[in-house]
There are 2 protein chains.
Amino acid sequence: MFENSEKANIESLGEFGLIDHLTRQIELKQKSTLKGVGDDAAVIDFAGKKALISTDMLLEGIHFDLAYTPLKHLGYKAIQVNLSDVYAMNGIATQVTVSLGISSKFTLEAVEELYKGIYLACEKYNVDLVGGDTTSSKQGLVIGVTALGYADEKDIVYRSGAEEGDLICVSGDLGGAYTGLQLLEREKLVYLENPNIQPDLEGKDYIIERQLKPEARRDIVELLKDISVKPTAMIDVSDGLASEVLHICSQSNKGCNLYEEKIPIDPMTYETAREFNLDPTVCALSGGEDYELLFTIKQADYDKMKNLADISFIGYITEASAGRNLVTKSGTVHELKAQGWNAFKR
Amino acid sequence: MFENSEKANIESLGEFGLIDHLTRQIELKQKSTLKGVGDDAAVIDFAGKKALISTDMLLEGIHFDLAYTPLKHLGYKAIQVNLSDVYAMNGIATQVTVSLGISSKFTLEAVEELYKGIYLACEKYNVDLVGGDTTSSKQGLVIGVTALGYADEKDIVYRSGAEEGDLICVSGDLGGAYTGLQLLEREKLVYLENPNIQPDLEGKDYIIERQLKPEARRDIVELLKDISVKPTAMIDVSDGLASEVLHICSQSNKGCNLYEEKIPIDPMTYETAREFNLDPTVCALSGGEDYELLFTIKQADYDKMKNLADISFIGYITEASAGRNLVTKSGTVHELKAQGWNAFKR
């Protein structure tokens, strides 16, 4: 970004200089953005539509490992994670704010890389960056993103609207982000033991991308609008399929039957899980970070959707007293549990 | 909060349990809050008004020191800091989201204390907590707050509207938060040297409160509305008077004359600064964290405001070419500079 020979650094820029440097090339694209970065608050006009707001915090060492996470990807992912929540309300994301805590180990170039990813995501998803806060941190990188969007009241989909008999659908495939993480963690260990060995990630691009550079499913929201299907309940898959299905069941006060054989798993995810001696189904159920959309539809809408390549029908909603069940490939019925990370420790 | 004998802890609650535990007693007060905590995003209805959004991040070791900051005060302050930005747009704050990164050293009781302060601030300022994110952190406490508010378009006040001849006004008094911090830092050192010595903060309540429990000036926004005065430019005093005046000048493309003798400094602030061998004016100009409102008004509005006890008239706006000047008590003219923390190193 700097073409003059005198290299600027974060310290010489100062807080306001850094914010100005990072945000000066912003071009506002949303009509609703009346004022973006540069005042005490951004000003946004939703003209009678309902505003949607969602926030997430990413911490170094907890949510990402800079040993194998390029900063540009990290910036991109931090935005996607938040947009995904707005899409999960069946809304359109329009603005984001970004707060950064940066420790002294980060150079200006590093922060610029992070912002390149942030801007790329904003550009691609037609979202305006309208504010934020940049501060020093004693240790590690902290990224806080808040996303704002809108929807007509009649279009908003909550987690609580699932009814008995509704079909449970999920976009894309699951478990890829988690198996990608296993690969990256393995190669990091190999590298730490012998820095001369090059990482062996050949042919694994898809699951690596699922982990490092997820895409929020705006296209699914648009697709459903195009075919005039309004889901009865919706949530994004950030913590794993099981956890999200249980959220819909408990907030809708319903039960479910989920079919293991219907859960969409990409062949590369399947093979890699096997390589790591992991059950691919468990990776899909509990791995998380896939940022697909999980939703329920009325049975009457099935015909409009049955030929969509990117949607899987994985079960249906039952009355609460029937319980929350996972029907395995062998036909046995288990209680569906959000096993989280413990499931992998064995 | 727990009255049963079996003590819950953060680990046994898990992330969703913790969020539920901390947010279950929320009563939504704002008509505009259609859906608060508990879905992918909050849903907010501004019914044709313009939305205002502002975000701030507070990091342990940078923005607060838990050695002398009660967690309840910290939660309260984290909210105030953000509401202050919405008021500085001449808006009404209505919703907040709170993201927390919590290291393993924090108990459930500690997080509850923090939330007590958050809820107290929300209660007092009539603001709904509508969402957030709770995650573990490897080290230290991280608090990210985003505030949302609204205003009619005609009422919004930007930093950029100051005109030549406008009067520069500030609410309350300045420098208190900074001198309060000096006291707290001194007592911390004394304590570290000898834990048996009790902190000597007697009679210093006012400036300690200015540091630990600031109040955003919603009352000033309401007052100005009551007397039908719309400021031409406004900003809140978070980084120090000098820095904020310069923001208004640069964004309005104007100059200013600021009069040292007019800067409002509380007697306790003055005495304490002297005790620490600090110039009270420098504390007011560069200390920051007072969260007062700095604004400019048309001269024609002076008569409506001249008898308000809580407003000081500290200078006026000039054309840009006249420069940004501080006129000292002795009558000499200096260039106004945002000295920041360096000013205190001497």
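Conventions used here
- Residues numbered from 1 in each chain as written.
- Chains lettered and ligands numbered in written order.
- Predicted model: local features only at pLDDT ≥ 70, side-chain atom pairs only at ≥ 80, totals over all residues.
- Heavy atoms only, no water.
- Least-squares fit on C-alpha atoms with pLDDT ≥ 70 in both.
- Contact = heavy atoms within 4.5 Å.
- UniProt positions renumbered as here; feature names shortened; annotations may be inferred.
- Helix = DSSP H or I, 4+ residues; strand = E, 2+ residues; numbered from the N terminus.
- Salt bridge = Lys/Arg side-chain N within 4 Å of Asp/Glu carboxyl O.
- Buried < 20%, exposed > 50% of the residue type's maximum accessible area, 1.4 Å probe, protein only.
- Buried area = accessible area lost by both parts, 1.4 Å probe.
- Polar contact = N/O pair within 3.5 Å; in protein donor to acceptor, adjacent residues only side chain to side chain.
- Phe/Tyr/Trp six-rings, centres within 6.5 Å; stacked < 30°, edge-to-face > 60°.
- Lys NZ or Arg CZ within 6 Å of the ring centre and 35° of its normal.
- Expected span 1.5 Å × (residues − 1).
- Core = buried A, V, L, I, M, F, W, Y, C linked by side-chain atoms within 4.5 Å.
- Domains from an automatic or database assignment.
- Arc of directions from axis to C-beta.
- Pairing = 2+ DSSP bridges.
- Axes fitted to C-alpha atoms, helices over the stretch in contact; angles between N-to-C directions.

Draft legend 1. Representation of the relation of the copies chain B and chain A in the model. Rotating chain B by 180° about the axis while translating it 0.0 Å along that axis superimposes it on chain A, leaving an RMSD of 0.0 Å. Viewed as a symmetry operation, the transformation between the two copies matches a two-fold axis. For chain B, the minimum C-alpha distance to the rotation axis belongs to B:Gly48 and amounts to 2.4 Å. Of the residues that chain B buries at the interface, 100% are likewise interface residues in chain A, meaning the two copies contact each other through the same surface.

Draft legend 2. Focus on the UniProt feature "binding site: ATP" (unreviewed entry) in chain A. Per the UniProt annotation, the sites labelled "binding site: ATP" (unreviewed entry) are A:Tyr115, A:Gly132, A:Asp133, A:Arg159 and A:Ser238. The named residues occupy 124 residues along the chain; their greatest pairwise C-alpha distance, 32.4 Å, places them well apart from one another. One can find A:Gly132 in strand β5 (residues 128–136). Contact partners of A:Gly132, with chain neighbours within four places excluded, come to A:Thr97, A:Val98, A:Ser99 and B:Thr55. Following the sequence through the fold, A:Asp133 ends up in strand β5. With residues up to four places along the chain from it excluded, the contact list for A:Asp133 reads A:Glu15, A:Val98, A:Ser99, A:Leu100, B:Thr55, B:Asp56 and B:Met57.

Draft legend 3. Spotlight on the pattern of salt bridges. Residue and element names in this part refer to chain A. This structure, assessed with the given rule, holds 50 salt bridges over all chains. Between Lys154 and Asp155 there is a salt bridge, with the nearest N and O atoms lying 3.3 Å from each other. Owing to a relative accessible area of 17%, Asp155 belongs among the buried residues under this scheme. Across the pair Arg218 and Glu222 runs a salt bridge, and its minimum N-O distance is 3.7 Å. Here Arg218 and its partner Glu222 are both found in helix α6 (residues 218–226), four residues apart, which amounts to about one turn of the helix.

Draft legend 4. Looking closely at the interface of chain B and chain A. Contact residues are listed per partner, giving 58 residues for chain B and 58 residues for chain A. Across the interface of chain B and chain A, roughly 4400 Å² is buried in total on both sides, 58% from carbon and sulfur atoms. Across the contact surface, chain B and chain A share six salt bridges. Among the ionic pairs, B:Asp45 bridges to A:Lys50, the shortest N-O distance being 3.0 Å. In this structure, the connection of chain B to chain A is made through 19 residue pairs in polar contact (both at pLDDT 80 or more).

Draft legend 5. Geometry of the packing of aromatic side chains. The full count for this structure, using the stated rule, is 10 aromatic pairs over all chains. Aromatic pair B:Tyr302 and B:Phe313: ring centres 4.9 Å apart, planes at 70°, arrangement edge-to-face. Of this pair, B:Tyr302 sits in helix α10 (residues 302–305) while B:Phe313 sits in strand β11 (residues 311–319), and the two are 11 residues apart along the sequence. Over the aromatic face of A:Tyr76 sits the side chain of A:Lys213, whose NZ or CZ is 4.3 Å from the ring centroid.

Draft legend 6. Here's a closer look at helix α4 (residues 176–193) of chain B. Residue and element names in this part refer to chain B. Here α4 is 18 residues long and its end C-alpha atoms lie 26 Å apart, about the 26 Å a rise of 1.5 Å per residue gives. Of the positions making up α4, those classed as buried are Gly176, Ala177, Tyr178, Thr179, Gly180, Leu181, Gln182, Leu183, Leu184 and Glu187. Buried-residue contacts for α4 involve α5 (205–212), α8 (267–275) and α9 (280–286).

Draft legend 7. How the structure looks around the side chain of A:Glu292. Residues and elements named next belong to chain A. Tracing the backbone through its elements, the reader meets Glu292 in the loop between α9 (280–286) and β10 (293–297). For Glu292, the side chain forms a polar contact with the side chain of Ser171, separated by 2.5 Å. One polar contact links the side chain of Glu292 to the main-chain amide nitrogen of Gly172, over a distance of 3.5 Å. For Glu292, the contacting residues outside a window of four places in its chain are Val170, Ser171, Gly172, Asp173, Leu174, Arg210, Arg217, Ile235, Asp236 and Val237.

Draft legend 8. The nonpolar core, seen in detail. Ranked by internal contacts, the top residues of the largest apolar core, which has 57 residues, are B:Leu83, B:Val96, B:Tyr115, B:Leu141, B:Ile143, B:Phe295 and B:Met305. If one sorts the elements of this core by residue count, helix α3 (residues 108–124) of chain B sits on top with nine residues. Residues lining this core come from more than one domain, with at least three contributed by each of domain 1 (10–155) and domain 2 (167–344) of chain B. Apart from residues no more than four positions distant in its own chain, B:Leu83 is found in contact with B:Ala93, B:Val96, B:Tyr125, B:Val127, B:Ala147 and B:Ala216. Counting 56 residues, the second-largest nonpolar core is a separate cluster that includes A:Tyr87, A:Cys122, A:Leu224 and A:Phe313.

Draft legend 9. Here's a closer look at the side chain of B:Gln95. Residue and element names in this part refer to chain B. With respect to the element layout, Gln95 can be found in strand β4 (residues 92–102). Among the polar contacts made by the side chain of Gln95, one reaches the side chain of Thr33 at a distance of 2.7 Å. Setting aside residues no more than four positions away along its own chain, Gln95 makes contact with Gln30, Ser32, Thr33, Ile44, Phe46, Val127, Asp128, Val130, Thr146, Ala147 and Leu148.

Draft legend 10. Broad picture of unusual backbone geometry. One non-glycine residue, A:Asn277, lies in positive phi territory at about 65°. Mapped onto the fold, A:Asn277 is located in the loop between α8 (267–275) and α9.

Draft legend 11. Spatial organisation of the domain arrangement of chain A. Residues and elements named next belong to chain A. Entries for chain A in the domain assignment read domain 1 (10–155) and domain 2 (167–344). Across the boundary between the two partners, domain 1 contributes 22 residues, which contact 22 residues of domain 2. Counting each side, the surface lost to burial between domain 1 and domain 2 is near 2100 Å², with a carbon and sulfur contribution of 56%. Three residues stand out in domain 1 for area buried against domain 2, namely Tyr68, Lys77 and Asn90, and they jointly supply 31% of the buried area on that side.

Draft legend 12. Main features of helix α6 (residues 218–226) of chain B. Residue and element names in this part refer to chain B. Within α6 the residues assigned to the buried category are Ile220, Val221 and Leu224. Take α6 and look down its axis: the buried residues cluster within an arc of 100°, on one side only. Buried residues along α6 sit against α2 (71–87), β7 (167–171), β10 (293–297), α10 and β11. Trailing α6 by a residue or two, Ser228 shows a phi angle of about 55°, which is positive.

Draft legend 13. Highlighting the pairing of strand β12 (residues 324–327) of chain A. Residues and elements named next belong to chain A. When strand β9 (residues 254–259) meets β12, the two strands line up parallel, connected through four bridges. Paired with Asn257 across the strands is Asn325, a residue of β12. Relative to strand β13 (residues 333–335), β12 runs antiparallel, the two being bridged by three bridges. Counted as the bridge partner of Leu326 is His334 from β13.

Draft legend 14. A look at the UniProt feature "binding site: Mg(2+) 4" (unreviewed entry) in chain A. Within the UniProt annotation, "binding site: Mg(2+) 4" (unreviewed entry) is assigned to A:Asp40, A:Ser54 and A:Asp85. Taken along the chain, the residues just named run across 46 residues; in space they spread out, the farthest C-alpha pair reaching 25.4 Å. Here A:Ser54 is to be found in strand β3 (residues 50–59). Taking relative accessible area as the criterion, A:Ser54 reaches 4% and is therefore assigned buried. Here A:Ser54 is in contact with A:Asn82, A:Asp85, A:Val145, A:Thr146, A:Ala147, B:Asp40 and B:Ala41, once residues within four sequence places are set aside.

Draft legend 15. Just the sheet that holds β10(A), in detail. Residues and elements named next belong to chain A. Spatial ordering of the open sheet is given by β8-β10-β7-β11-β9-β12-β13, a layout of seven strands whose pairing is mixed. Both outer strands of the open sheet, β8 (233–236) and β13, are each paired with one neighbouring strand and no more. Between one strand axis and the next, the sheet turns by 25° as a mean value, whatever way the strands run. In this fold α6 packs onto β7 (167–171), β10 and β11 (311–319), with an angle of close to 20° to the strand it touches most, β10. Sitting on the sheet, helix α7 (residues 241–252) touches β8, β9, β10, β11 and β12, and the angle it makes with β9 is about 155°.

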